Amino acid sequence: MSEESLLTFPCTFAIKAMGKSSPELDLVVVEIVRRHSPNFGEGAVSSRPSKGGNYTAITVVIEAHSRQQLDAIYLDLNRSPHILMTL
């Protein structure tokens with residue numbers, strides 16, 4: 001049985017990570033994503049605080065080149081103690 005991807009690579013892909021609001025959360029997410037996709041441009045990163053300000057959602061838009069690349073990004077994000085959830 002083969003696993004078919006709904007994505008056609010390369011493609012634009014938004015990676016979302018959420019964690020407790022802190023000054024280093026943006027830096028941690030950007031550093032992890034940059035390891036696997038070093039060429040995302042200015043304006044590719046956005047953040048949004050939760051209603052109460054306790055949590056922050058960070059979105060990084062990259063040009064994804066393979067399913068393996070995306071899997072590696074998500075594995076590294078989920079290993080970080082700063083990240084509570086990824087989408």
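As the structure is a computational prediction, the values presented were derived from the model and not from experiment. (Residues numbered from 1 in each chain as written. Predicted model: local features only at pLDDT ≥ 70, side-chain atom pairs only at ≥ 80, totals over all residues. Heavy atoms only, no water.)

Describing a nonpolar patch on the surface
Together, Tyr 55, Leu 84, Met 85 and Leu 87 give the surface a local cluster of nonpolar side chains, amounting to about 410 Å² of exposed area. Residue position: Leu 84 is located in the loop between helix H2 (67–79) and strand S4 (85–86). Judged by relative accessible area, which is 53%, Leu 84 ranks as exposed. (Patch = residues over 30% accessible without salt bridge, like charges linked within 9 Å, V, L, I, M, F, W, Y side chains within 5 Å. Areas by Shrake-Rupley, 256 points an atom, 1.4 Å probe, with all protein chains shown as cover. Salt bridge = Lys/Arg side-chain N within 4 Å of Asp/Glu carboxyl O. Helix = DSSP H or I, 4+ residues; strand = E, 2+ residues; numbered from the N terminus. Buried < 20%, exposed > 50% of the residue type's maximum accessible area, 1.4 Å probe, protein only.)

Let's talk about the nonpolar core
In terms of nonpolar packing, the biggest core is built from 21 residues, with Ile 15, Val 29, Ile 62 and Leu 77 touching the most fellow members. Residue assignment for this core shows that the elements contributing at least two residues are strand S1 (11–20), helix H1 (25–36), strand S3 (55–64) and H2. Looking at this core element by element, the count peaks at six residues for H1. Every residue in contact with Leu 77, bar those within four places of it in the chain, is listed here: Ile 15, Ala 17, Val 29, Ile 32, Ile 83 and Thr 86. (Core = buried A, V, L, I, M, F, W, Y, C linked by side-chain atoms within 4.5 Å. Contact = heavy atoms within 4.5 Å.)

Here we look at the sheet that holds S3
The strand order across the open sheet built from four strands is S2-S3-S1-S4, with neighbouring strands paired in antiparallel fashion. At either end of the open sheet lies a strand with only one pairing partner, and these are strand S2 (45–49) and S4. Note that S1 and S3 share ten bridges and pair antiparallel. Directly across from Ile 15, in S3, lies its bridge partner Val 60. Together, S1, S2 and S3 form the strand contacts of H1, whose direction differs from that of S3 by roughly 20°. Each of S1, S3 and S4 is contacted by H2, which is oriented at about 5° to S1, the strand it contacts most. (Pairing = 2+ DSSP bridges. Axes fitted to C-alpha atoms, helices over the stretch in contact; angles between N-to-C directions.)

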